[in-house]
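What follows is the residue order along each chain.
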Amino acid sequence: MPPIETIDSNSSEQSTNNWYLVSVRSKKREVFLKYLNLAISQNQLQDLVIDIKSPQDAVYQDIVLLNISNFKTAYIQLKKIECFQNIERKPLALAQVNRMLGM
């Protein structure tokens, strides 16, 4: 039983910091965000998509950062959203997220 508890405590810590880099169609980030927020409210995805950040630097104009709890489920949902292109499979380190957000 102790190993299971250890895994659970680690996974709950990780689930709050699973930031993924999502790329959207060129110059369509605002459209994507509108449809993403609509999908979250219509499909009760608040537990899946924990947080959404948009880096302000022009270099990242077609990038959205998503804090998600389950990659596979999120990928299935994101594929349905207008202007979505890709999501990186590997979560970003918190330092990378902060750097992209200018923190």
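Going by the structure above, here's the rest.
Residues numbered from 1 in each chain as written. Predicted model: local features only at pLDDT ≥ 70, side-chain atom pairs only at ≥ 80, totals over all residues. Heavy atoms only, no water.

Colleague: Now, about the pairing of strand E1 (residues 19–24): what can you tell me, with residues and values included?
Modeller: In the case of a regular strand, side chains alternate between the two sheet surfaces. Among the six residues of E1, six are classified as buried, and the element is accordingly described as predominantly covered. The pairing of E1 with strand E4 (residues 84–87) spans three bridges and is antiparallel. Across the sheet, Val24 pairs through a bridge with Phe84, a residue of E4. (Buried < 20%, exposed > 50% of the residue type's maximum accessible area, 1.4 Å probe, protein only. Helix = DSSP H or I, 4+ residues; strand = E, 2+ residues; numbered from the N terminus. Pairing = 2+ DSSP bridges.)

Colleague: Would you mind going over empty space enclosed by the protein in detail, with residue names and values included?
Modeller: Rolled over the atoms, a probe as big as a water molecule pinpoints where empty space is left. Per the stated rule, a full pass over the model turns up one cavity of 30 Å³ or more. In this structure, the largest cavity encloses a volume near 40 Å³. In terms of lining, the largest cavity is formed by Leu36, Ile40, Leu45, Leu48, Val49, Ala74, Gln77, Leu78 and Ile81. If you list the elements that add at least two residues to the lining of the largest cavity, you get helix H2 (29–42) and helix H3 (71–79). Here the element with the most residues in the lining of the largest cavity is H3; it accounts for three residues. (1 Å grid on protein atoms, 1.4 Å probe; cavity = no way out; pocket = protein on both sides within 12 Å on 5 of 7 lines; lining within 4 Å. Points joined across faces, edges and corners; volume = space filled by probe spheres on them.)

Colleague: Tell me about the sheet that holds strand E2 (residues 49–53), residues and numbers included.
Modeller: Overall, antiparallel pairing links the four strands, which are arranged E2-E3-E1-E4 in an open sheet. In this open sheet, the two edge strands, each paired with only one partner strand, are E2 and E4. Ignoring strand direction, the axes of neighbouring strands in this sheet form an average angle of 30 degrees. Those strands touched by H3 are E1, strand E3 (63–68) and E4, and its axis lies near 165 degrees from that of E4. (Axes fitted to C-alpha atoms, helices over the stretch in contact; angles between N-to-C directions. Contact = heavy atoms within 4.5 Å.)

Colleague: Now, about unusual backbone geometry: what can you tell me, with residues and values included?
Modeller: Positive phi values are uncommon outside glycine, yet Lys27 reaches one of about 60 degrees. If you check the backbone angles, Cys83 has positive phi at about 80 degrees while not being a glycine. For Cys83, a relative accessible area of 3% translates into the label buried.

Colleague: Break down H2 for me, citing the residues and quoting the values.
Modeller: Compared with the 20 Å implied by 1.5 Å per residue over 14 residues, the 20 Å span of H2 between its first and last C-alpha is a close match. Taken residue by residue, H2 has Arg29, Phe32, Leu33, Leu36, Ala39 and Ile40 as its buried positions. The buried residues of H2 occupy an angular sector of 125 degrees when projected down its axis, which confines them to one face. Turned more than 90 degrees off the buried face of H2, the exposed positions are Glu30, Lys34 and Gln42. Phi turns positive, to about 50 degrees, at Gln44, one or two residues after H2. (Expected span 1.5 Å × (residues − 1). Arc of directions from axis to C-beta.)

Colleague: Quick rundown of the pattern of salt bridges? Include the residues and the values.
Modeller: Going through the model one piece at a time under the given rule, you end up with two salt bridges. Between Lys53 and Asp51 there is a salt bridge, with the nearest N and O atoms lying 3.8 Å from each other. (Salt bridge = Lys/Arg side-chain N within 4 Å of Asp/Glu carboxyl O.)

Keep in mind these numbers describe shape, not what the thing actually does.
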